[in-house]
Amino acid sequence: MRVTVIGAGYVGLVTGACFADVGNDVLCIDVDSKKIECLRRGEIFLREPGLDAIVARNSTAGRLQFSMSYDEAAAHASLIFIAVGTPSSEDGSADLSGVLSCARTLGQKIERDTLVVVKSTVPVGTNDQVLAALQKELELRGSNAKVSTASNPEFLKEGAAVDDFMRPDRIVVGVKDATSAETLSALYTPFNRNRDRLLVMDVRSAEFTKYAANAMLALRISFMNEMANMADRLGVDIEEVRYGIGADPRIGPHFLYAGVGFGGSCFPKDLRALARIADDIAEPALLLRAAIKVNERQRGMLFEKIKTFFGGDVQGKTIALWGLAFKANTDDMREAPSLALIDRLTRSGARVRAYDPAATDNARRIFKTTQDIAFTASAREACHGADVLAVITEWLEFRSPDFEWLAATLKSKALFDGRNLYNPAFVRASGLQYFGMGRGRRP
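Each value, and the rule that gives it
Residues numbered from 1 in each chain as written. Predicted model: local features only at pLDDT ≥ 70, side-chain atom pairs only at ≥ 80, totals over all residues. Heavy atoms only, no water. 1 Å grid on protein atoms, 1.4 Å probe; cavity = no way out; pocket = protein on both sides within 12 Å on 5 of 7 lines; lining within 4 Å. Points joined across faces, edges and corners; volume = space filled by probe spheres on them. Helix = DSSP H or I, 4+ residues; strand = E, 2+ residues; numbered from the N terminus. Nonpolar A, V, L, I, M, F, W, Y, C, P; charged D, E, K, R; others polar. Buried < 20%, exposed > 50% of the residue type's maximum accessible area, 1.4 Å probe, protein only. Pairing = 2+ DSSP bridges. Right-handed = clockwise from strand over helix to strand, strands pointing away. Phe/Tyr/Trp six-rings, centres within 6.5 Å; stacked < 30°, edge-to-face > 60°. Lys NZ or Arg CZ within 6 Å of the ring centre and 35° of its normal.

If a probe as big as a water molecule is rolled over the atoms, it shows which places are left empty. In this structure, the largest pocket occupies an estimated 1,400 Å³ of space. Lining of the largest pocket is provided by 47 residues; of these, Lys 157, Leu 217, Phe 255, Phe 267 and Lys 327 occupy positions nearest its centre. Taken together, the elements giving at least two residues each to the lining of the largest pocket come down to helix 7 (161–166), strand 7 (171–174) and helix 9 (203–234). Top contributing element to the lining of the largest pocket by residue count: helix 9, with six residues. In terms of residue class, the lining of the largest pocket is built from 24 nonpolar, 11 polar and 12 charged. Along the wall of the second largest pocket there are 40 residues; nearest its centre are Gly 9, Tyr 10, Val 84, Gly 85 and Arg 334. Of all the elements in the fold, those that place two or more residues in the lining of the second largest pocket are helix 1 (10–21), helix 5 (97–109) and helix 11 (267–280). Taken together, the residues of the lining of the second largest pocket break down into 15 nonpolar, 13 polar and 12 charged.

By the criterion of burial, strand 2 (residues 25–29) is predominantly enclosed, with five of the five residues buried. What you see with strand 2 is no split at all: Asp 25, Leu 27 and Ile 29 on one side and Val 26 and Cys 28 on the other are buried throughout. Pairing geometry for strand 1 (residues 2–6) and strand 2, over five bridges, is parallel. In the sheet register, Arg 2 faces strand 2, and the bridge partner there is Asp 25. Remark: the strand 1/helix 1/strand 2 crossover connection has right-handed handedness. Summarising the sheet, strand 2 and strand 3 (residues 64–67) pair through four bridges and their orientation is parallel. Bridged to Leu 27 within strand 3 is Gln 65.

For the rest of this paragraph, the subject is the packing of aromatic side chains. A full pass over the atoms with the stated rule returns 17 aromatic pairs. Centroid distance Phe 255 to Phe 267: 6.3 Å. Interplanar angle 50°. Geometry classified as tilted. Taken as a pair, Phe 255 in the loop between helix 10 (238–246) and helix 11 and Phe 267 in helix 11 lie far apart in primary sequence, 12 residues in all. An aromatic cluster is present here, built from Phe 19, Phe 81, Phe 165, Tyr 188 and Phe 191 joined pairwise through their rings. We note Arg 170 situated over the ring of Phe 155; from NZ or CZ to the ring centre the distance is 3.8 Å.

As structure tokens, then:
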């Protein structure tokens, strides 16, 4: 099939590349000339395991092309995906300006019957706005082309997006007619062979499913973080509790990890947008707002542990920090918990020596005016001259360090485990004081 994808960012590029990898002829469009030039040269501007190989393979085969032209976008295919960003507005609502701008521009270019699929994360009713914008532009031109819209939200995890797309848990499509359902069913057949993962529903329900899914996952994380804070005061190990409740099939083991709070481009933004939607319909949405508040508080918990360890004052202390990205296997710093920790530490007079396998360049840009932070080339280098170590991202290379070396290197011989990666007894036996998130011991 011939497919156009508007937006060559995280979602759009993964979508276009994976569609091309099963044989489709895909054109990715973006208004960012630097991004398109990089992609045409075979350079990937984001870190996502496996994506560079798929882009290179399909670009070489001619199945994946890149352009800035909406004329080419409309001419290339009668199946067009909108996959542009929907960042938070000042009031927390999703900013739909990019999505609606795409719709208006497409309406000025489309010359044949076309199905426009919204893959961006959008509030309920956005498809109606997209369709209205398309039809208005077609009417102004006196065009006889018929357009229809559908919803196809993405469920991609950063760091595992390619695998999520190629082997999906579910494929949600919201349609208004049987023809749209048949088109999308045919497109997704290669990803749907060993069992039927296609969930066809009405458009508004599909739009809401994406928000509901992210809200549920965020709620689980915030719940475990709240339990972890109680566990610290009660002398309970939250990891043991996690095993105990995760064994219940009604609960399951996923997304039960206590830590330093969630970040990234989805959960914080989508919870704020969903809370704003609740405001618009006069729904209190108490659980949603509680999850947001718990996460905001959790971002400061590791700093409070470090400050308490030093008697309430970190002035002049040097903190080694392992991890900057909001999660492992990505360079994404958007709303990363490390941002809050670094800000609090440096504002309180501490110095930070930070290392991340992928996100250092992004962090340098964010903290370019911050004086008391240094970025190092290795995890060990970050610990040189440091008083304590704080681990904030669960990178594989941090999972089994030399704790005896750390005990000999860190001046205050203390490790703050923001991801509960380590066995407290083993760490303490190596000569370090250990403080995790809900591991039953407070500084």
